[in-house]
Amino acid sequence: MEASRDDFVIAIRSAFIQRGNKQRFSLIFLIILSIVFLILGRFNLSAINYIKISINELVYRSSFIVSVPENYIKKTYINIQDHFTYYDEYLKLKKENIELKTTVENTNFITSENERLKKIIDDYIIVSDEIIAKVLIDKQSPFLRSMIINKGSKNNIKLGMAVLDGEFLVGKVVEVNFTTSRVLLLSDLNSKIPVTIEPEGYQSILSGTGKNNGIIQYSKEEIFLKEGSSVFTSGSGALFKSGIPIGKITNKIKVDYFSDFSQLKFVKVIEFKKEDD
Amino acid sequence: MSKLGKGKILNKLLELGPILILYMAVLNEFDFNYLNLAYFSFNFPFILIFYWSLKKPENLGYGLIFFAGLINDVVIGFPLGISSFAYLFMCGFAAYLRNITLRPSTLKDWLFFLFAILVVNSLTYIILILFFKFKIYYLDIAVNIVFTFFLYIIFANLFEIYQRLIRGSEKND
């Protein structure tokens with residue numbers, strides 16, 4: 001018992017009082033010094049404040065250099081965190097992409113629904129049975145651009161019926177006989193068709209020139225037509241249904257027809273009329 | 001000759017490592033605040049001082065530890081001398097353990113470290129509360145002690161590797 005207490009005392013003495021290997025100060029001396037600092041600090045001695053200020057100066061000046069490794073670690077950590085954030089963002093974007101795809105699908109659905117509804121609206125104008133007619137005479141004078149077809153009142157041809165080459169409008173019936181009819185071509189000087197120019201959406205009148213092209217006329221204001229814009233019937237006047245392709249803008253107001261009027265052999269004659277008619 | 005000189009310089013630098021790390025720790029406050037972990041804190045100087053005072057006291061001068069304590073007080077805003085007091089007590093506990101230990105064991109060191117930090121923290125905060133009227137959040141201190149205790153074993157292993165590095169450098173000389 002006595003021996004173990006002696007061991008304890010020896011160990012304590014060795015640890016606190018004796019100066020260790022390569023140590024300039026003993027522990028007890030420095031602990032007492034710390035206590036002295038604490039006591040002096042307790043009574044706000046100016047000497048302690050000076051020491052504090054000096055250490056502060058030293059700390060603030062050296063902290064920049066000393067903080068380099070920690071800042072590096074911090075930066076690395078933030079970089080790693082950023083990478084994880086990128087991954088999270090990637091997942092978020094992936095999710096958004098799926099949502100957008102769904103939106104696109106919905107848009108497609110709405111578009112097709114819109115088209116269907118437009119068709120329903122178009123039912124307001126009933127398309128009569130197509131009458132296929134053969135071109136008998138292709139009158140190509142500078143003053144009259146018309147042609148004679150082999151169908152007349154006998155075949156239910158009426159005045160104002162639209163004449164199409166495939167899907168393209170070529171003119172309208174202006175004269176009906178019993179077995180023949182005269183078709184005024186779009187290229188005729190007297191031909192005036194209400195049109196829509198897409199994608200600009202301008203409304204205007206397409207007028208024939210007596211040549212192989214037409215011109216855009218009577219636009220409300222100065223319009224700048226892009227080359228390549230498409231010209232469709234606008235449906236105004238309830239003569240033709242809207243959206244029948246006619247031609248393309250080539251030079252400012254000049255329109256090139258889709259159909260080559262000099263090469264017509266067969267045409268379709270169609271009537272558009274209101275449902276209640 | 002040139003090789004020998006380089007080796008000596010490297011060895012000297014490695015020997016200075018613990019004290020440099022201690023000064024970096026007190027000057028910079030290894031707080032790991034950027035981890036944004038609630039309550040997370042630990043006393044790295046305690047771990048470093050205890051380990052090196054126990055295993056290789058010649059690498060960590062008491063005078064330098066005392067001065068590191070003063071710097072820590074200034075950085076944290078504690079009364080001057082309190083950290084030095086705590087650090088030197090940690091040195092005392094380590095020295096005592098070294099004196100009484102015949103067969104060193106990491107587990108025993110670890111448990112003794114817990115005892116040391118409990119005593120030193122108690123002493124420190126008693127002084128702060130009684131003489132300097134400091135307001136203390138006991139939960140923060142408790143969490144700090146727990147983390148310091150658990151992280152000791154990790155840092156002890158890292159320091160062990162570092163010691164091997166020093167020994168390897170010495171052998172090469």
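Residues numbered from 1 in each chain as written. Chains lettered and ligands numbered in written order. Predicted model: local features only at pLDDT ≥ 70, side-chain atom pairs only at ≥ 80, totals over all residues.

Enquirer: Now, about the overall build of chain A: what can you tell me, with residues and values included?
Expert: The helix and strand inventory of chain A stands at three helices and 14 strands. Sorting the 277 residues of chain A into buried and exposed places 21% on the buried side. Intrachain contacts of chain A at a sequence separation of at least 6 include 51% that bridge at least 24 residues. (Helix = DSSP H or I, 4+ residues; strand = E, 2+ residues; numbered from the N terminus. Buried ≥ 20, exposed ≤ 12 C-beta atoms within 10 Å, placed from the backbone. Contact = placed C-beta atoms within 7 Å.)

Enquirer: Explain the overall build of chain B to me, and be specific about the residues and the numbers.
Expert: If you tally the helices and strands in chain B, you get six helices and zero strands. Counting all 173 residues of chain B, 34% fall into the buried class.

Enquirer: Can you explain the pairing of strand β4 (residues 162–165) of chain A? Please cite residues and give values.
Expert: Residue and element names in this part refer to chain A. Relative to strand β5 (residues 168–176), β4 runs antiparallel, the two sharing four bridges. Paired with Val163 across the two strands is Gly171, which belongs to β5. The hairpin turn running from β4 into β5, its antiparallel successor, is two residues long, and Gly166 in that turn takes a positive phi close to 70°. The pairing of β4 with strand β13 (residues 266–270) spans three bridges and is antiparallel. Each residue of the ladder has a partner; that of Leu164, found in β13, is Lys268. (Pairing = 2+ DSSP bridges.)

Enquirer: How would you explain the packing of helix α4 (residues 82–100) of chain B against helix α5 (residues 106–132) of chain B if you had to name every residue and give the values?
Expert: Residue and element names in this part refer to chain B. Here α4 crosses α5 at 150°, and the two axes come no closer than 10 Å. Between α4 and α5, the angle falls in the class roughly antiparallel. For the crossing formed where α4 meets α5, the hand is right-handed. Contact residues: α4 offers Ile82, Ala86, Phe89, Met90, Phe93 and Leu97, while α5 offers Asp109, Phe112, Ala116, Val120, Leu123, Thr124, Ile127 and Leu128. Residue composition of the contact of α4 with α5, by class: 12 nonpolar, one polar and one charged. (Axes fitted to C-alpha atoms, helices over the stretch in contact; angles between N-to-C directions. Parallel < 35°, antiparallel > 145°, perpendicular 65-115°, else oblique. Left-handed = near helix turned anticlockwise from the far one by under 90°. Nonpolar A, V, L, I, M, F, W, Y, C, P; charged D, E, K, R; others polar.)

Enquirer: Can you explain helix α2 (residues 27–42) of chain A? Please cite residues and give values.
Expert: Residue and element names in this part refer to chain A. The terminal C-alpha atoms of α2 lie 22 Å apart, and with 16 residues this matches the ideal 22 Å at 1.5 Å per residue to within 8%. Within the sequence span of α2, burial applies to Leu27, Leu30, Ile31, Ser34, Phe37, Leu38 and Gly41. For α2, the buried positions fall inside an angular range of 115° around the axis, keeping them on one side. Looking one or two places after α2, you find Asn44, whose phi comes out positive at around 50°. (Expected span 1.5 Å × (residues − 1). Arc of directions from axis to C-beta.)

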